[in-house]
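Listed below are the residues making up each chain.
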Amino acid sequence: QVQLVESGGGLVQPGGSLRLSCAASGIIIRPYAMAWYRQAPGKQRELVAQSTSSGTTNYIDSVKGRFAISRDNGKNTVYLQMNSLKAEDTATYYCNLHRIFGADLWGQGTQVTVSS
């Protein structure tokens, strides 16, 4: 079964840190661009960070300098290190595997809540 499974979400105080993990099974992530999206209540899903197959990374402006996406192809896992978290980072975070031919893969999502 091909799937992405996220973990690592939770409740954290402003200024705190979390590390999200996305473990892939049934597919090898090495040739694919991997990304993290998030969706807050009442808002559209947005791309937060992306890691291409060559290792290039991209971020939305609001998380630059605070978040870092990384991938361990040996473990078939992608990570999102989130530091200096703010209330506006509160959202459900989704892992994405982008396929040029065929539908993208999505995880089930993991909730991140930043609150004091």
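All values derive from a computational prediction rather than experimental measurement.

Draft legend 1. View of the pattern of salt bridges. Taken as a whole and assessed by the stated rule, the structure comprises four salt bridges. Close ionic contact of Asp89 with Arg38 constitutes a salt bridge, the shortest N to O distance being 3.0 Å. Here Asp89 is found in the loop between β8 (77-82) and β9 (91-98), whereas its partner Arg38 is found in strand β4 (residues 33-39), with 51 residues between them in sequence. With a relative accessible area of 6%, Arg38 lands in the buried category. Asp61 is the salt-bridge partner of Lys64, the closest N and O atoms lying 3.0 Å from each other. Given the relative accessible area of 49%, Lys64 is considered partly exposed. One connected set of salt bridges, linked through shared partners, spans Arg38, Glu46, Arg66 and Asp89.

Draft legend 2. Spatial organisation of the sheet that holds β8. Ordered by their spatial adjacency, four strands build an open sheet running β1-β3-β8-β7, and the pairing between neighbours is antiparallel. Looking at strand neighbours, the two that pair on one side only are β1 (3-7) and β7 (67-72), the edges of this open sheet. The mean inter-strand angle of the sheet, taken between neighbouring strand axes irrespective of direction, is 15°. The sheet contact formed by β7 and β8 spans six bridges and is antiparallel. Each bridged residue has a counterpart across the sheet, and for Phe67 the counterpart in β8 is Met82.

Draft legend 3. Local environment of the nonpolar core. Membership of the largest hydrophobic core comes to 27 residues, with the highest contact counts inside it found for Leu4, Trp36, Phe67, Leu80, Met82 and Tyr93. Those elements that place two or more of their residues in this core are β3 (18-25), β4, β5 (46-51), β7, β8, β9 and β11 (110-114).

Draft legend 4. Quick look at the packing of aromatic side chains. For the coordinates displayed, the defined rule picks out one aromatic pair. The ring of Tyr94 has Arg45 sitting right over it, with the charged end atom 3.8 Å from the ring centre. Just above the ring of Trp106 sits the side chain of Arg45; from NZ or CZ to the centre is 4.7 Å.

Draft legend 5. Expanded view of the side chain of Asn96. Within the fold, Asn96 resides in strand β9. We classify Asn96 as buried; its relative accessible area is 2%. When residues no more than four places from it in sequence are discounted, the contact partners of Asn96 are Leu4, Ala33, Met34, Ala35, Tyr37, Asp104, Leu105 and Trp106.

About the thresholds
Residues numbered from 1 in each chain as written. Predicted model: local features only at pLDDT ≥ 70, side-chain atom pairs only at ≥ 80, totals over all residues. Heavy atoms only, no water. Salt bridge = Lys/Arg side-chain N within 4 Å of Asp/Glu carboxyl O. Helix = DSSP H or I, 4+ residues; strand = E, 2+ residues; numbered from the N terminus. Buried < 20%, exposed > 50% of the residue type's maximum accessible area, 1.4 Å probe, protein only. Pairing = 2+ DSSP bridges. Axes fitted to C-alpha atoms, helices over the stretch in contact; angles between N-to-C directions. Core = buried A, V, L, I, M, F, W, Y, C linked by side-chain atoms within 4.5 Å. Phe/Tyr/Trp six-rings, centres within 6.5 Å; stacked < 30°, edge-to-face > 60°. Lys NZ or Arg CZ within 6 Å of the ring centre and 35° of its normal. Contact = heavy atoms within 4.5 Å.

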